[in-house]
Amino acid sequence: MTDISKIDTIIFDLGGVIVDLNPVGVIERLTKYSGVKLGPMEEMKEFIVNSPVLIQYETGKSTEEQFLSEMNELLKANMTQQEFEDAWNLMLGDIPEKRLNFMRSLGENYQTMILSNTNGIHERKFDEMVNKATGEEGMHSFVHVAHYSHKIGLRKPEASCYHYVLDHSQLKPERTLFFDDNKANIESAQSLGIQAVQVKYPDQIFEIINHG
């Protein structure tokens, strides 16, 4: 169990930690547009998530227009930008205010950050959702620093991604607590000495912090 008294900085992943995810909704919508048969739902999810096309976009190496063009090619589809964005944003489920307020309250005693593998389309959408619900400018308003993969050009679980965050704010790994729902991301962070905890259900963060 993590000793919170020895922590200076808390870093949050977004999807599966602060933001509820709906991958099935995205896959079902994209399947309707797709001209290729990709097999079971889980296979299609892996096909997209591990695609170099997505990785390039989520590290800021391709534009939205290029991403759409390459996704259309990948799926043998002919989606318009709006059709694709509507489908892509189905990934984002609820963003409970209690989680946002929890991040903000922790900022009174800790340095708080976000580290998320994300992209411009999703950033606009979750910022819009947060603004509508709270009146705040966006997700970044609830932490001291927000690191998004498409802006820093690095993606978890690459060690270079964590090194960037640690160096950027001169953090001590052993005094840094990191929450992520992805096991590979957790293991990579732990290999660098970061106090990383896998979140298996979003509201688990309350239990870890309050009872850690």
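This text gives an overview of the structure that appears in the document. (Residues numbered from 1 in each chain as written. Predicted model: local features only at pLDDT ≥ 70, side-chain atom pairs only at ≥ 80, totals over all residues. Heavy atoms only, no water.)

This next bit is on the overall build of the protein chain. For the protein chain, the count of helices and strands is eleven helices and five strands. Oriented by its inertia axes, the alpha-carbon framework of the protein chain measures out at about 55 × 35 × 30 Å. Looking at the protein chain as a whole, 48% of its 212 residues are labelled buried. Here the contacts in the protein chain between residues at least 6 apart in sequence split such that 70% fall between residues at least 24 apart. Roughly 10,400 Å² of accessible area belongs to the protein chain as shown, and the carbon and sulfur atoms make up 48% of that amount. Averaged over its 20 positive side-chain charges, the protein chain has a centre that lies 2 Å from the centre of its 32 negative ones. (Helix = DSSP H or I, 4+ residues; strand = E, 2+ residues; numbered from the N terminus. Buried < 20%, exposed > 50% of the residue type's maximum accessible area, 1.4 Å probe, protein only. Contact = heavy atoms within 4.5 Å. Areas by Shrake-Rupley, 256 points an atom, 1.4 Å probe, with all protein chains shown as cover. Lys, Arg positive; Asp, Glu negative; His and termini not counted. Charge placed at Lys NZ, Arg CZ, Asp CG, Glu CD.)

Moving on: the packing of helix H5 (residues 81-88) against helix H7 (residues 120-134). Interaxial distance between H5 and H7 falls to 10 Å at its minimum, and their mutual angle equals 65°. As for the relative orientation of H5 and H7, their crossing is right-handed in sense. Note on element contacts: H7 touches H5 through Ile121, His122 and Arg124, opposite Gln81, Phe84, Glu85 and Trp88. Residues belonging to the contact of H5 with H7 are distributed by class as follows: three nonpolar, two polar and two charged. (Axes fitted to C-alpha atoms, helices over the stretch in contact; angles between N-to-C directions. Left-handed = near helix turned anticlockwise from the far one by under 90°. Nonpolar A, V, L, I, M, F, W, Y, C, P; charged D, E, K, R; others polar.)

Tallied over the entire structure, the rule returns one cavity of 30 Å³ or more. Empty space within the largest cavity amounts to approximately 30 Å³. If you trace the largest cavity, you find it lined by Ile11, Leu115, Tyr162, Val165, Leu166, Phe178 and Ile194. Sort the elements by how many residues they give to the lining of the largest cavity and helix H9 (residues 159-168) lands first, with three residues. Of the residues assigned to the lining of the largest cavity, the class counts are seven nonpolar, no polar and no charged. (1 Å grid on protein atoms, 1.4 Å probe; cavity = no way out; pocket = protein on both sides within 12 Å on 5 of 7 lines; lining within 4 Å. Points joined across faces, edges and corners; volume = space filled by probe spheres on them.)

Below, the discussion takes up helix H6 (residues 97-106). Along H6, the residues that are buried comprise Arg99, Leu100, Phe102, Met103 and Leu106. Along the axis of H6, the buried positions cluster into a sector of 160°, meaning they face one direction only. (Arc of directions from axis to C-beta.)

With that settled, consider the layout of surface pockets. Estimated volume of the largest pocket: approximately 890 Å³. When contributions to the lining of the largest pocket are tallied by element, the ones reaching two or more residues are helix H1 (23-33), helix H2 (41-49), helix H3 (52-58), H7 and helix H10 (183-191). For the lining of the largest pocket, the per-class residue count stands at 15 nonpolar, ten polar and eight charged.

What follows covers the side chain of Thr59. Within the secondary structure, Thr59 is located in the loop between H3 and helix H4 (64-75). Thr59 gets classed as buried once you look at its relative accessible area, which sits at 7%. At 2.8 Å, the side chain of Thr59 and the backbone oxygen of Ile55 are in polar contact. In this structure Thr59 touches Ser149, His150, Gly153, Leu154 and Arg155, once residues within four positions along its chain are discounted. (Polar contact = N/O pair within 3.5 Å; in protein donor to acceptor, adjacent residues only side chain to side chain.)

Let's shift gears to the environment of Glu73. As for its position among the elements, Glu73 is in helix H4. The spacing of Glu73 and Gly35 is 38 residues in sequence and 9.6 Å in space, taken between C-alpha atoms.

All right, on to H9 then. For H9, the full list of buried residues reads Cys161, Tyr162, Val165 and Leu166. For H9, the angular spread of buried residues about the axis comes to 130°, placing them on one side. Here the buried face of H9 lies against strand E1 (9-12), strand E2 (111-116), strand E3 (145-148), helix H8 (149-152), strand E4 (176-180) and H10. Looking one or two residues past H9, Gln170 carries a phi angle of roughly 50°, positive in sign.

What follows covers the nonpolar core. Of all hydrophobic cores here, the largest spans 30 residues; its most connected members are Ile10, Phe12, Ile18, Met103, Met139, Phe179 and Ile205. Sorting the residues of this core by element identifies E1, H6, H7, E4 and helix H11 (204-211) as the ones contributing at least two each. In this view, Ile18 contacts Phe12, Asp13, Asp94, Ile95, Pro96, Arg99, Leu100, Met103, Met139 and Ile205; residues no more than four positions away in its chain are not counted. In this structure, Ile27, Leu68, Met71 and Trp88 belong to the second largest nonpolar core, which totals 18 residues. (Core = buried A, V, L, I, M, F, W, Y, C linked by side-chain atoms within 4.5 Å.)

Time to look at unusual backbone geometry. One can expect most non-glycine residues to show negative phi and most peptide bonds to be in trans. That bond from Lys156 to Pro157 is cis: its omega, 10°, falls within 30 degrees of zero. With respect to the helices, strands and loops of the structure, Pro157 is situated in the loop between H8 and H9. In this model, Lys76 sits at a positive phi of 50°, which is unusual for a non-glycine residue. Classification of Lys76 by relative accessible area gives exposed; the value is 57%.

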